[in-house]
2 protein chains.
Amino acid sequence: MTNNKIINVKFRIWFFAGEEKLLGIGRVELLERINTTGSIAKAAKEMKMSYRQAWQMVNEMNQRSAFPFVVKHLGGKSGGGAIVTEAGLKTIKAFNELQEKIEFYIKQEASKIKL
Amino acid sequence: MTNNKIINVKFRIWFFAGEEKLLGIGRVELLERINTTGSIAKAAKEMKMSYRQAWQMVNEMNQRSAFPFVVKHLGGKSGGGAIVTEAGLKTIKAFNELQEKIEFYIKQEASKIKL
DNA sequence: TTTCGATATGTTTTGTAATGAATAGCGATT
DNA sequence: AATCGCTATTCATTACAAAACATATCGAAA
């Protein structure tokens, strides 16, 4: 009565500021795209989400974090844009590094499982 | 410009059978309660979910796993019930053990993060 | 001072997931 | 063969989240 089917383990992590959810993989990707495109609107379009939703995510992160992750710069011929702050960049870097470590760790441990 | 706010890391894991989600913490708890109460109906009531939903979860797990996690036993004065199989017990044990290990690992790694 | 695209925000619509109610079938025990 | 409550399943309803739409505001650059 031994189950020989391979069990695949998946996981997700989230960063919390106290008890408030700060970000997960989705918001990290959003920040990364804001960083490369220079605007919330373009990042949202790339991810096929509404600007409204993207903006709400950014706003929530900014309010919950001790330092904002994204700041706007309005005006100019291009109409303006948004840039990811140093605090934002550090956070997504820490998130990605931790996630990679955990992925590696889980792969090790999961391979030991015998059902 | 250093963020001294403490970042709290939370996580969840899931077991997959191939690409199909098998179970997460919620279904593990459901299985544990089925195991102690001897019925899906009682387990559902304890968790304040509808019998319908609980049954659907059990059914999905049974179909996706190589071996069913729960088997029914109808009839008797008590009307019948359900029991968790050996395969089910082994799976929830493996899940809980892996989860504990990861929790410990993340605590270690998260404490190193400086933002 | 006009223009531009981006930010910022409210309102409405839609889609889908969760819930609730209702009921048929089961079968060991008595 | 009557009983019990638990499994199994359908259908209607509700609730909530996501999407769609609409629009006001901003301000550097031309």
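Look a little higher up for the structure.
Residues numbered from 1 in each chain as written. Chains lettered and ligands numbered in written order. Predicted model: local features only at pLDDT ≥ 70, side-chain atom pairs only at ≥ 80, totals over all residues. Heavy atoms only, no water.

Chemist: Provide a residue-level description of the pattern of salt bridges, including the pertinent values.
Modeler: Tallied over the full model, the rule gives 20 salt bridges over all chains. The partner of E19 of chain A in a salt bridge is K10 of chain B, and the shortest N-O contact between them spans 3.0 Å. Highlighted residues: E19 of chain A in the loop between β1 (7–17) and β2 (20–23) and K10 of chain B in strand β1 (residues 7–17), drawn from two different chains. For E19 of chain A, a relative accessible area of 62% translates into the label exposed. Look at K10 of chain B and you get partly exposed, because its relative accessible area is 30%. Across the pair K90 of chain B and E86 of chain B runs a salt bridge whose closest N-O atoms are separated by 3.4 Å. One end of the pair, K90 of chain B, and the other, E86 of chain B, are both in helix α4 (residues 86–111), four residues apart, so they sit about a helical turn from each other. (Salt bridge = Lys/Arg side-chain N within 4 Å of Asp/Glu carboxyl O. Helix = DSSP H or I, 4+ residues; strand = E, 2+ residues; numbered from the N terminus. Buried < 20%, exposed > 50% of the residue type's maximum accessible area, 1.4 Å probe, protein only.)

Chemist: Please provide a residue-by-residue account of the environment of E103 of chain B, values included.
Modeler: Here E103 of chain B is to be found in helix α4. For the pair E103 of chain B and F11 of chain B, spaced 92 residues apart in sequence, the C-alpha separation works out to 8.1 Å.

Chemist: Give me the relation of the copies chain A and chain B: which residues, what numbers.
Modeler: When chain A is fitted onto chain B, the two copies agree to an RMSD of 0.1 Å after a turn of 179° and an axial shift of 0.0 Å. Here the two chains are linked by the operation of a two-fold rotation axis. When each C-alpha of chain A is compared by its distance to the rotation axis, R12 of chain A comes out closest, at 2.8 Å. Here 100% of the interface residues in chain A have copies in chain B that are interface residues too; the copies meet face to matching face. (Least-squares fit on C-alpha atoms with pLDDT ≥ 70 in both. Contact = heavy atoms within 4.5 Å.)

Chemist: Can you explain the side chain of T91 of chain A? Please cite residues and give values.
Modeler: Mapped onto the secondary structure, T91 of chain A falls in helix α4 (residues 86–111). Exposure remark for T91 of chain A: the relative accessible area of 1% places this residue in the buried category.

Chemist: Report on the protein's contact with DNA strand D, specifying residues and quantitative values.
Modeler: Within the structure, DNA strand D sits among 22 residues, and I40, Y51, R52, W55 and G79 of chain B are positioned closest to it. Backbone sugar and phosphate groups make up 62% of those atoms of DNA strand D lying within 4 Å of the protein. A distance of 3.3 Å separates a phosphate oxygen of DNA strand D from a polar atom in the side chain of Q53 of chain A. Interatomic distance of 2.7 Å between a side-chain N/O atom of R52 of chain B and a base nitrogen of DNA strand D. Secondary structure elements with two or more residues in the surface near DNA strand D: α3 (51–64) of chain A together with α2 (40–46), α3 (51–64), β3 (70–74) and β4 (80–84) of chain B. The class makeup of the residues in the surface near DNA strand D is seven nonpolar, nine polar and six charged. (Near = heavy atom within 4 Å. Polar contact = N/O pair within 3.5 Å; in protein donor to acceptor, adjacent residues only side chain to side chain. Nonpolar A, V, L, I, M, F, W, Y, C, P; charged D, E, K, R; others polar.)

Chemist: Quick one: what's the story with the interface of chain A and chain B, residue by residue and with numbers?
Modeler: Listed as interface residues are 36 residues of chain A and, on the opposing side, 36 residues of chain B. Here chain A packs against chain B, burying approximately 3400 Å² in sum over the two surfaces, 67% of which is carbon and sulfur. Taken together, the connections running from chain A to chain B amount to nine residue pairs in polar contact (both at pLDDT 80 or more). Counting residues per element, the ones that place at least two in the side of chain A that touches chain B are β1 and α4 of chain A. Bridge count for β1 of chain A against β1 of chain B is 11 bridges, and the pairing is antiparallel. (Buried area = accessible area lost by both parts, 1.4 Å probe. Pairing = 2+ DSSP bridges.)

Chemist: Give a description of the sheet that holds β2 of chain A that names residues and reports values.
Modeler: Ordered in space as β2(A)-β1(A)-β1(B)-β2(B), the four strands form an open sheet in which the pairing is antiparallel. Only two strands of the sheet have a single partner each, and these edge strands are β2 of chain A together with β2 (20–23) of chain B. The mean angle between the axes of side-by-side strands here comes to 55°, regardless of whether they run parallel or antiparallel. Along the sheet face, α3 of chain A touches β1 and β2 of chain A and points at about 120° away from the line of β2 of chain A. Strand contacts of α3 of chain B: β1 and β2 of chain B, with the helix running at about 120° to β2 of chain B, the strand carrying the most contacts. (Axes fitted to C-alpha atoms, helices over the stretch in contact; angles between N-to-C directions.)

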